[in-house]
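Given next are the chains, with one letter for each unit.
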Amino acid sequence: PVATAVVFEEEVLSYAELNARANQLAHTLIARGVAPDAPVAIALERSPAMIVALLATLKAGGAYVPLDPDYPAGRLAFMLEDSGARILLTQSGLLARLPHTAEHTLCLDADAAAIAQHPRANPNRPVAPEHLAYVIYTSGSTGKPKGVVVRHRPAMNLIDWVNRTFAIGPRDRMLFVASIAVTFAS
């Protein structure tokens, strides 16, 4: 739990802190109605908060819908509406660039105190391999982006393959360079 889980610029999170923050946000999402297969839109700049949001959504049983804040407003609005995401996780500095179509918008920076009031313990939310893990939108070569649904089973198969193929161990580090809007798209 004390080992380093995330490093971003000068910010370092241990696995224990990452888990606690993700749990608090997961409990917040559950209180707002997130259940298995429920889409949760995530529009965040690269930061530890992005990793917390992804894990929290999965811990709540939801499926994350990554939105790149640099996408055109029309594309973001389409993706939000098409996915059916009722909740948007973002940060205050991005609000002006994002559509306001989600039923609930949580700013992880401005709402941090309210989120911190939730339990740090793991939520009791069983997730099955058939539940949705995330929805990635295609480039839209036909004129409209198309949501590709990925369930937990194939996502875990990919992670298992990467770990076995590259012999990933506890001392190894992975560099995160792609946009979350294209990560694991398959």
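Rules used throughout
Residues numbered from 1 in each chain as written. Predicted model: local features only at pLDDT ≥ 70, side-chain atom pairs only at ≥ 80, totals over all residues. Heavy atoms only, no water. Helix = DSSP H or I, 4+ residues; strand = E, 2+ residues; numbered from the N terminus. Buried < 20%, exposed > 50% of the residue type's maximum accessible area, 1.4 Å probe, protein only. Contact = heavy atoms within 4.5 Å. Areas by Shrake-Rupley, 256 points an atom, 1.4 Å probe, with all protein chains shown as cover. Polar contact = N/O pair within 3.5 Å; in protein donor to acceptor, adjacent residues only side chain to side chain. Expected span 1.5 Å × (residues − 1). Lys, Arg positive; Asp, Glu negative; His and termini not counted. Salt bridge = Lys/Arg side-chain N within 4 Å of Asp/Glu carboxyl O. Pairing = 2+ DSSP bridges. Axes fitted to C-alpha atoms, helices over the stretch in contact; angles between N-to-C directions. Parallel < 35°, antiparallel > 145°, perpendicular 65-115°, else oblique. Left-handed = near helix turned anticlockwise from the far one by under 90°. Nonpolar A, V, L, I, M, F, W, Y, C, P; charged D, E, K, R; others polar. Phe/Tyr/Trp six-rings, centres within 6.5 Å; stacked < 30°, edge-to-face > 60°. Lys NZ or Arg CZ within 6 Å of the ring centre and 35° of its normal.

**Student:** Before we move on, can you summarise the overall build of the protein chain with the specific residues and values?
**Tutor:** When helices and strands are counted, the protein chain shows five helices and eight strands. Starting at the N terminus and ending at the C terminus, the protein chain contains elements arranged as β-β-α-β-α-β-α-β-β-α-β-β-α. For the protein chain, with 186 residues in total, the buried portion stands at 39%. Sequence separation of 24 or more characterises 62% of the internal contacts of the protein chain that already satisfy a separation of 6 or more. Working note: accessible area of the protein chain is about 10100 Å², and carbon and sulfur atoms make up 57% of it.

**Student:** I'd like a rundown of the side chain of Gln-24, residues and numbers included.
**Tutor:** Residue position: Gln-24 is located in helix α1 (residues 15-31). Reaching out from Gln-24, the side chain makes a polar contact with the backbone oxygen of His-118 at a distance of 3.3 Å. Those residues in contact with Gln-24 that sit more than four places away from it in its chain are Ile-115, Ala-116, His-118, Pro-119 and Arg-120.

**Student:** Go over unusual backbone geometry with me, naming the residues and quoting the values.
**Tutor:** Non-glycine residue Asp-37 carries a positive phi angle of around 75 degrees. If you trace the backbone, Asp-37 turns up in the loop between α1 and β3 (39-42). Overall, Asp-37 belongs to the partly exposed group, its relative accessible area being 31%. The phi torsion at Ala-167 lies on the positive side, around 50 degrees, for a residue other than glycine. Relative to the helices and strands, Ala-167 is located in the segment after α5 (152-165).

**Student:** Give a detailed account of α1, specifying residues and quantitative values.
**Tutor:** In a regular helix each residue adds 1.5 Å, so 17 residues correspond to 24 Å; α1 covers 24 Å between its end C-alpha atoms and thus fits that length. Among the residues making up α1, those that are buried are Leu-18, Ala-20, Ala-22, Asn-23, Gln-24, Leu-25, Ala-26, His-27, Thr-28 and Leu-29. Looking at the buried positions of α1, the neighbouring elements they touch are β1 (4-8), β2 (11-14), α2 (48-59), β5 (87-90), β6 (104-107) and α4 (112-115). Among the residues trailing α1, Gly-33 stands out with phi positive, at a value near 100 degrees.

**Student:** Break down the side chain of Asp-68 for me, with residues and values.
**Tutor:** Locating Asp-68 in the fold gives a position in the loop between β4 (63-66) and α3 (73-83). Arg-97 is the oppositely charged side chain nearest to the buried, salt-bridge-free Asp-68, at an N-O distance of 6.0 Å. Among the polar contacts made by the side chain of Asp-68, one reaches the main-chain amide nitrogen of Asp-70 at a distance of 2.9 Å.

**Student:** Can you tell me about the pairing of strand β7 (residues 132-137), naming the residues and giving the values?
**Tutor:** Along any regular strand, the residues point their side chains to alternate faces of the sheet. Extensive coverage of β7 is indicated by the burial of six of its six residues. Bridge count between β7 and strand β8 (residues 147-151): five bridges; the pairing is antiparallel. Directly across from Val-135, in β8, lies its bridge partner Val-149.

**Student:** An account of the packing of α1 against α2 is requested, with residue identities and associated values reported.
**Tutor:** Interhelical geometry of α1 versus α2 gives an angle of 55 degrees and a closest axis separation of 8 Å. Compared by their axis directions, α1 and α2 come out oblique. As for how α1 packs across α2, the hand of that crossing is right-handed. In this structure, α1 uses Leu-18, Asn-19, Arg-21, Ala-22, Asn-23, Leu-25, Ala-26 and Leu-29 to contact α2, whose residues at the interface are Ile-51, Val-52, Ala-53, Leu-55, Ala-56, Thr-57 and Lys-59. Here the contact of α1 with α2 is composed, by residue class, of ten nonpolar, three polar and two charged.

**Student:** An account of the packing of aromatic side chains is requested, with residue identities and associated values reported.
**Tutor:** Tallied over the entire structure, the rule returns two aromatic pairs. Ring centres of Tyr-64 and Tyr-134 lie 5.2 Å apart, and the angle between their planes is 20 degrees; this geometry places the pair in the stacked category. With Tyr-64 in strand β4 and Tyr-134 in strand β7, this pair connects stretches of sequence that are 70 residues apart. Judged by centre distance (5.9 Å) and plane angle (85 degrees), the rings of Trp-161 and Phe-166 are edge-to-face. On the basis of relative accessible area, Trp-161 is assigned to the partly exposed category, the value being 42%. Phe-166 sits in the exposed class, given a relative accessible area of 53%. Over the face of the ring belonging to Tyr-71 we find Arg-75, whose NZ or CZ atom lies 4.6 Å from the ring centre.

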